[in-house]
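A closer look at the structure
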Amino acid sequence: MKESQGKTVFLRDYQVPDFLIDETSLKVELFEDHTLVSAVLHMRRNPQSPNPQAALVLHGRQQELLEVAVNGRFLTDTEYQLDKEHLTINEVGDSFVFECRTRIHPETNTSLEGLYKSRVMFCTQCEAEGFRKITYYLDRPDVLSVFTTRIEADKNLYPVLLSNGNEMEQGDLGAGRHYAVWHDPFRKPAYLFALVAGDLRHVQDSFTTCTNRQISLKIYVEEKDLDKCEFAMGALKRAMRWDEEVYGREYDLDIFMIVAVDDFNMGAMENKGLNIFNSSCVLANPATTTDFSFGRIESIVAHEYFHNWSGNRVTCRDWFQLSLKEGFTVFRDAGFSADMGSRAVNRIEDVGFLRTVQFAEDAGPMAHSVRPESYMEISNFYTVTIYEKGSEVVRMISKLLGPELFRKGTDLYFDRYDGMAVTTEDFVSVMEEVSGIDLRQFRRWYTQAGTPILEVSRRYNADRQEYHLTFTQSCPPTPRQPEKKPFYIPVAAGLLNEKGQEMPMRFAGESAILTSRVLAVTEPQQTFTFVNVPQAPVPSLLREFSAPVKLKNDLTRDELMFLMSHDTDGFVRWDAGQQLALQVMQECMQQMKDGMVFEMDQRLVLAFEHVMRSSIDDPSMDKAMVANLLLLPSEAYMAELAETVDPEAIHEVREQVRKQLARQLRLIFAAVYNANTTAGSYTYNAEEVARRTLRNTVLNYLMTLEDAAWFNQAWLQFCSADNMTDESAALRAFLNNPCPANETLRKEMTVSFYAKWKHETLVVEQWLSMQSAAPVKDNLPGIKALMEHEAFDMRNPNKVRCVIGAFCNSNTVGFHAADGSGYHFLADQVITLNRINPQIASRQLTPLTRWRKYDTARQAKMKEQLQRILAEPELSPDVYEILSKSMDQ
Ligand code: B3K
Ligand code: ZN
């Protein structure tokens, strides 16, 4: 282990910066084989610093220092010290001008962090600590500065030069070069800095704010993508309006720009006034983009825009506070998406993701709290816990306060902390201050990791007409947190009578009649007693998934079916169906293990039939909801719930149940397919998306019948679709249900899809991902072949995610092949990626870190591969942190 690999940063060591940077002027001279960066920093000692004599220590990595000066005087080698991470100057005054000139190499920067080249353009990614690869700086979020940026570049190759804020000046430099100067009047931390240079085109629009200011909106893309900007522009305008209406937040600069780049480590980045997007998260048109991607693009465009207030105007004091901006902004974008489409369905989809991916993280070696205590590499902490669980925590606060007080709270938060770098504690305190609600116990959601388990038991006393609900909460140990204190768990609840009507929920001595209420579970064990209850009710619990917990109840299958058809809460209806399917599949799994005949509880068939029949009888029913009700719990979710995962048994039982449902309900599945086929041309709106989702969901069942008529129908859909949603769903129906009878057609379609779309990068990515994610055994050779395909590129994160990520995360039965070949494959890829792009390497590693969940034979094989990676000579801190944490837990 190298010394730098093991360094841990602790929250408890936080200290205010010793210096501040009032103004930052950069000159960036871009050339093909190097870039020169000149920085002029107006600095002074921080009056808050406890060390008035402190030396100046600037962050900096992978730069060649050419010159350094203080107050205009060049320093000699003895007047400063340089190491791999810092530039230190011992003697500086109270206020001074620091200058330096460095040489960097964006053209060979494959980490895609700092300044780098994405094919033909230069761009930046600075969050969290990428700015220190551009120049020497106080690269920490609590140092805010006003930036002026001058970019110089070849005029032909890079006609467009962009940075944050407003363009002040541009002109020719002679010798084929030109320049532009940008000035951002808002103080910001370096992680929000951005620069782009390229041969770009743009589409333009404008937005009139609530105070009648005209904002110019521009989306920059390569020429070939000009036809894919309209949707994101619309989404941006909807987000701007929504933030004014719902949060009272107006945009502040006169211009807002988005740039699409192909090589990007994540989805997008909220740089002030100049958001940079992974092209897959912004470019869209019906021919190339699926409904799913449209929805994702809308929410990411909104998410990055919302950061302008929750993140940029009010930023994080340190990276332990990351969820302050990310959890809150995910909560904001979820609210936006709910308002744009179906609230219940959005919630169901978000919860499905949380329960599968975040719960698994919370149960694994990287489990951490929403506000972590320590990290080795901050890039590893852009996690589902920080984002999604963080959003759940804000959501619980918003529910506890109610809409008016919550809005009062956010207004005060934005107002009081505008231009400042603050903590999650500041956020919670503001909420307490406006509401008078005591959130002391609630704060444990920020400090304790792990998913609480909430067991509920019920007792009806007919004589006394009383109903008791007893909750018992516990939380499993997580790394460095063996014991947990009880959480404050809000349980939204209702009680249904035999007719499915809501019953009053009255505590002793109460006169008000409430038919639904939020029970505050705060003790390890707690009983709620309702009085005047004339009959034993069916409890409807955790409505809207009111808290991120694992609820364990003892509902019978009949009660689950009852809730599925009667509850008023969409989430509970859906979840009851999920629980029913899980119970049935678990029973079948046991039958298979015991070598018994496979006999499926017919109540699942009845439930499916009922849902489909209702959707045909009542065309006004929300079809997106119907489609979700027809989805069996995923293999990944079933794995998350299992004590010890048997990937083959899970896959096998789920496939059998799917086939059985299709066989028994083939006529009604077909009727739903046909009822949702239209001759009309493609439109993207909630209703049409729902119709296509439902139709493609049932097509996937029908394909299991191995019936030539349905192969033909799917092929017809593939050929005649006027949109990517239906075209790709038809291909996916073949890829996910391979059988000898459809092999020829399946192969033909796969080849012709590529031939048709090979010039559309984003479609090719979907093509790669559909093949890699298909849940089929023994297809590792196919995955390896895809990596040899002309479309694959190990340096492009999207390609890596679409092939390696899709296979290892979505094809669980393939990845967990008993011979360990999937593990060996992933280790090989991580070793290669570690040298190219550490952030992507460490992300891909995740499935191997979950070895504790598997049988001993698989555990040994997984650990062997982790060891093999660990033995690599030059491990990045990113990969090292994940490895070391997953090995010693
Ligand atoms: N804030 C960025 C994520 C940065 C990740 C850095 N490794 C995008 C977002 O959450 O909006
Ligand atoms: Zn974000």
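Anything mentioned here points back to the structure above.
1. A look at the packing of aromatic side chains
Scanning the model with the defined rule gives 48 aromatic pairs in all. Looking at Arg-317, its charged tip hangs above the ring of Tyr-14, at a distance of 3.7 Å from the centre. The ring of Tyr-247 is capped by Arg-332, whose NZ or CZ atom sits 4.6 Å from the centre of that ring.

2. Quick notes on the sheet that holds strand E13 (residues 160-163)
What the 4 strands build is an open sheet, ordered E10-E11-E16-E13; its pairing is antiparallel. Both outer strands of the open sheet, strand E10 (114-118) and E13, are each paired with one neighbouring strand and no more. Taking the axes of each pair of neighbouring strands and ignoring which way they run, one obtains an average angle of 20° across the sheet. When strand E11 (residues 121-125) meets strand E16 (residues 195-198), the two strands line up antiparallel, connected through 2 bridges. If you follow Phe-122 over to E16, its bridge partner there is Ala-197.

3. Concerning the site of ligand 1
In the vicinity of ligand 1, 13 residues are found, and the nearest of them are Glu-127, Ala-268, Glu-270, Glu-304 and Tyr-387. At 2.8 Å from an oxygen atom of ligand 1 is found a side-chain nitrogen or oxygen belonging to Glu-304. With the chains in place, 95% of the 330 Å² that ligand 1 exposes on its own is no longer accessible. Listing elements by their share of the shell around ligand 1, those giving two or more residues are strand E20 (268-269), helix H2 (291-306) and helix H3 (322-340).

4. A few points about the environment of Asp-142
Locating Asp-142 in the fold gives a position in the loop between E11 and strand E12 (145-154). On the basis of relative accessibility, which here comes to 12%, the residue Asp-142 falls in the buried class. Along the chain, Asp-142 and Ala-421 lie 279 residues apart, while their C-alpha atoms are 5.3 Å from each other. With residues near it in sequence (within four places) discarded, Asp-142 still touches Tyr-14, Pro-17, Cys-316, Arg-317 and Ala-421. At 2.5 Å, the side chain of Asp-142 forms a polar contact with the side chain of Tyr-14. In terms of polar contacts, Asp-142 uses its side chain to reach the side chain of Arg-140, at 2.7 Å.

5. Details of the coordination of the zinc ion (ligand 2)
Within the protein, the atoms that donate to the zinc ion (ligand 2) are His-303 (NE2), His-307 (NE2) and Glu-326 (OE), at distances of 1.9 to 2.1 Å. Sequence spacing among the residues donating to the zinc ion (ligand 2) works out to H-x3-H-x18-E. With a gap of 19 residues between them, His-307 in the loop between H2 and strand E22 (315-316) and Glu-326 in helix H3 connect regions that are remote in the sequence. Glu-326 carries the same exposure label as His-307, and that label is buried.

What counts, and at which threshold
- Residues numbered from 1 in each chain as written.
- Chains lettered and ligands numbered in written order.
- Predicted model: local features only at pLDDT ≥ 70, side-chain atom pairs only at ≥ 80, totals over all residues.
- Heavy atoms only, no water.
- Phe/Tyr/Trp six-rings, centres within 6.5 Å; stacked < 30°, edge-to-face > 60°.
- Lys NZ or Arg CZ within 6 Å of the ring centre and 35° of its normal.
- Pairing = 2+ DSSP bridges.
- Helix = DSSP H or I, 4+ residues; strand = E, 2+ residues; numbered from the N terminus.
- Axes fitted to C-alpha atoms, helices over the stretch in contact; angles between N-to-C directions.
- Near = heavy atom within 4 Å.
- Polar contact = N/O pair within 3.5 Å; in protein donor to acceptor, adjacent residues only side chain to side chain.
- Areas by Shrake-Rupley, 256 points an atom, 1.4 Å probe, with all protein chains shown as cover.
- Buried < 20%, exposed > 50% of the residue type's maximum accessible area, 1.4 Å probe, protein only.
- Contact = heavy atoms within 4.5 Å.
- Donors = N, O, S within 2.8 Å, 3.2 Å for Na, K, Ca; no water.

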